[in-house]
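These are the residues of each chain, in order.
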Amino acid sequence: MPIKNDNNRSRLLSRIFLYLTGGLLVLNLVSPLLFGQNIQRVPYSMFIHQVDENQVAQVSMGQNQIRYQLKPQDGEENGQVLSTTPIFDMELPKRLEDHGVTFAAVPPPRNTWFNNILSWVIPPLIFVGVWQFFARRGLGGGQQGVLSIGKSKAKVYVEGEAGKVTFDDVAGVDEAKVELEEIVECLKEPQRYTQLGAKIPKGVLLVGPPGTGKTLLAKAVAGEAGVPFFSISGSEFVEMFVGVGSSRVRDLFDQAKKQAPCIVFIDELDAIGKSRASNGFYGGNDEREQTLNQLLTEMDGFSAGDNTVIVLAATNRPETLDPALLRPGRFDRQVLVDRPDLAGRERILQIHAKEVSLADEVDLRVIATRTPGFAGADLANLVNEAALLAARNKRTAVAQEDFSEAIERVVAGLEKKSRVLNDKEKKIVAYHEVGHALVGALMPGSGKVEKISIVPRGMAALGYTLQLPTEDRFLKDELELRGEIATLLGGRAAEEIVFGNITTGAANDLQRATDVAERMVTTYGMSKVLGPLAYEQSQQNAFLGGQMPNPRRAVSETTAKAIDEEVKGIVETAHRRALEILNLNRDLLEALSQKLLEVEVMEGASLQELLAQVKNPPELTQAEVPLVHA
């Protein structure tokens, strides 16, 4: 292409210039060594001695060197030429006169045009060349050196390149695919829409949790439409220099208009699109705001012939975006890319399982059932972890047990076989985990207890009870939340019953139980005393799971006290329920714990057979115990 030829020619000329400059500099440095006379240097004392002995014929005195010629000896036509380093000697001229030595000062060097070039022209050129060399690599990031600092860094993918992504490579987000298929049709047949008077959407914003496939969907749109795809991250617009961000936005859209129809994809849009109101009344980061303003201008600046340039953007923080970006005419549509359901997880596993060798007994449906809440990236990592485990065990195919172990590694962490517990700690952990399992086996809506282990995992887990839901759940009622709290307190209750004492092992259980109880009172309105009111502010970052520093609304001291009493009442009621269940099933608690101490891990049909024997206290089978303060 002509652009590539121009870049190659510019690069060749720059290289020739650097070589010539370097050659002249080296020539200037080595020329005295190559063309100068090889004159022997002697000590100053020897020079004075030779003058006193009348051996010196003539002397040339310079600022840094005294060069002198000796009188010719027998058979010599000219005397030997020597040199010495001068010292401050006021008597030297008189000494030379007394011995009849001819002496003179060395004239300054001639100021030739070549010396002028070397001294005045070459050093600045060398400085400019070196600065451009480093600027090309450190600042510009492109072939034009420092001049490319305002150019777009977008990567361009054209039709026919290797690694083409289509909608067949995306699964688990069927609703989002349906919305984006229309965008593909707009790019392929824009006249079908324009002849009806419809306006093609200018922008589509993909929102959703991390790892759900937003970037993959954008690439699939470009792959299906067969148009150029400009991909850039929002952070690549902003540099340390003022005005670079807006310049890169202009350059990006100029390139896109030249290759229309095409797609411009901006990943992590919140890096440049944050709300300007969040920086205070007088604004904040001027450079980022200039970049945002330029983006708004470019999205408004499409003429009728530019409608086939569609902007796709992705973010997992839509609540932070500036309202001007989200208005109709810019990002006309917001497409939610959420975590997949059971069927979606199974299809995602099928896509990623094509790249690995699976054993015949592997059931992807079972794996999908055991991975609720996993995003597409999590499932891809799960398949890779299972393949690594199979390779570590020197298997020729990935087995079902490799997937089970991979799920546990993701959920609970790595096994800490080097963390050896003493007999007392091991016994406490065993009763603690069995307490969780027995209470959890009776709770409504709780997951199935798949495994009990006293092998340490992760950062601080000395043992764990693995509960996995049998289906996707989107709602929980009050009884199920109370059951969840009782399950969390089952370990502490077992310690109280068996040892008459409690340990620090239930710290995380208490934290989680208190959080659930507080949400029941302050968020879900499940309190008969406080009524159906929300005392907690809404979460400001749902996709990333962040929370505000103080999510509770401003309430009176009386209301705050009532909230604390209600939370305490819910937790204490669940604690009593766990104690009653374990007291009723004390024999089963002992039997399970002793077996767990022997085998360390219990799972499968044998565990389910024992858990089926758990008895429910009669007084708790009809209804939940009411609130203490109700």
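Residues numbered from 1 in each chain as written. Predicted model: local features only at pLDDT ≥ 70, side-chain atom pairs only at ≥ 80, totals over all residues. Heavy atoms only, no water.

Draft legend 1. The packing of helix H19 (residues 507-522) against helix H20 (residues 557-584), seen in detail. Running from amino to carboxyl end, H19 crosses H20 at an angle of 125 degrees, the nearest separation of the two axes being 9 Å. The angle between H19 and H20 places the two elements in the oblique class. Crossing angle aside, the handedness with which H19 passes H20 is right-handed. Each of Ala 513, Thr 514, Ala 517, Glu 518, Met 520, Val 521 and Thr 522 in H19 lies in contact with H20, whose residues at this interface are Ile 563, Glu 566, Val 567, Ile 570 and Val 571. (Axes fitted to C-alpha atoms, helices over the stretch in contact; angles between N-to-C directions. Helix = DSSP H or I, 4+ residues; strand = E, 2+ residues; numbered from the N terminus. Parallel < 35°, antiparallel > 145°, perpendicular 65-115°, else oblique. Left-handed = near helix turned anticlockwise from the far one by under 90°. Contact = heavy atoms within 4.5 Å.)

Draft legend 2. The sheet that holds strand E13 (residues 464-468), seen in detail. Reading across from one edge, E13-E12-E14 is the order of the three strands in this open sheet, with antiparallel pairing throughout. Every interior strand has two partners, whereas the edge strands, E13 and strand E14 (601-603), have only one. Each adjacent strand pair in this sheet contributes to an overall mean axis angle of 20 degrees, direction not counted. Direction of pairing for strand E12 (residues 448-453) relative to E14: antiparallel, over a ladder of three bridges. Pairing of Lys 451 across the sheet is with Glu 603, part of E14. Across the sheet, helix H21 (residues 586-599) is in contact with E12 and E14; its angle to E14 comes to roughly 120 degrees. (Pairing = 2+ DSSP bridges.)

Draft legend 3. Region of the structure containing unusual backbone geometry. Of note in the backbone geometry, Glu 268 takes a positive phi value of approximately 55 degrees without being a glycine. With respect to the helices and strands, the residue Glu 268 is situated in the loop between strand E9 (262-267) and helix H9 (270-273). Residue Glu 268 is classed as partly exposed on the basis of its relative accessible area of 33%. Phi at Glu 600 takes a positive value of approximately 70 degrees, unusual for a residue other than glycine. (Buried < 20%, exposed > 50% of the residue type's maximum accessible area, 1.4 Å probe, protein only.)

Draft legend 4. Just a nonpolar patch on the surface, in detail. On the surface, Phe 127, Val 128 and Trp 131 cluster together to form a nonpolar patch covering roughly 350 Å² of accessible area. A relative accessible area of 43% means that Val 128 is categorised as partly exposed. (Patch = residues over 30% accessible without salt bridge, like charges linked within 9 Å, V, L, I, M, F, W, Y side chains within 5 Å. Areas by Shrake-Rupley, 256 points an atom, 1.4 Å probe, with all protein chains shown as cover. Salt bridge = Lys/Arg side-chain N within 4 Å of Asp/Glu carboxyl O.)

Draft legend 5. How the structure looks around the sheet that holds strand E2 (residues 56-61). Within the open sheet, the five strands sit side by side as E1-E4-E3-E2-E5. Their pairing is mixed. Two strands close off the open sheet at either side, each with one partner strand: strand E1 (40-41) and strand E5 (102-105). Bridge analysis of E2 against E5 gives four bridges, and the strand direction is parallel. Paired with Ser 60 across the bridge in E5 is Ala 104. The strands touched by helix H2 (residues 44-52) within the sheet are E2, strand E3 (66-70) and strand E4 (81-84), with E3 carrying the most contacts at an inclination of about 40 degrees.

These values are about where atoms sit, not about what they do.
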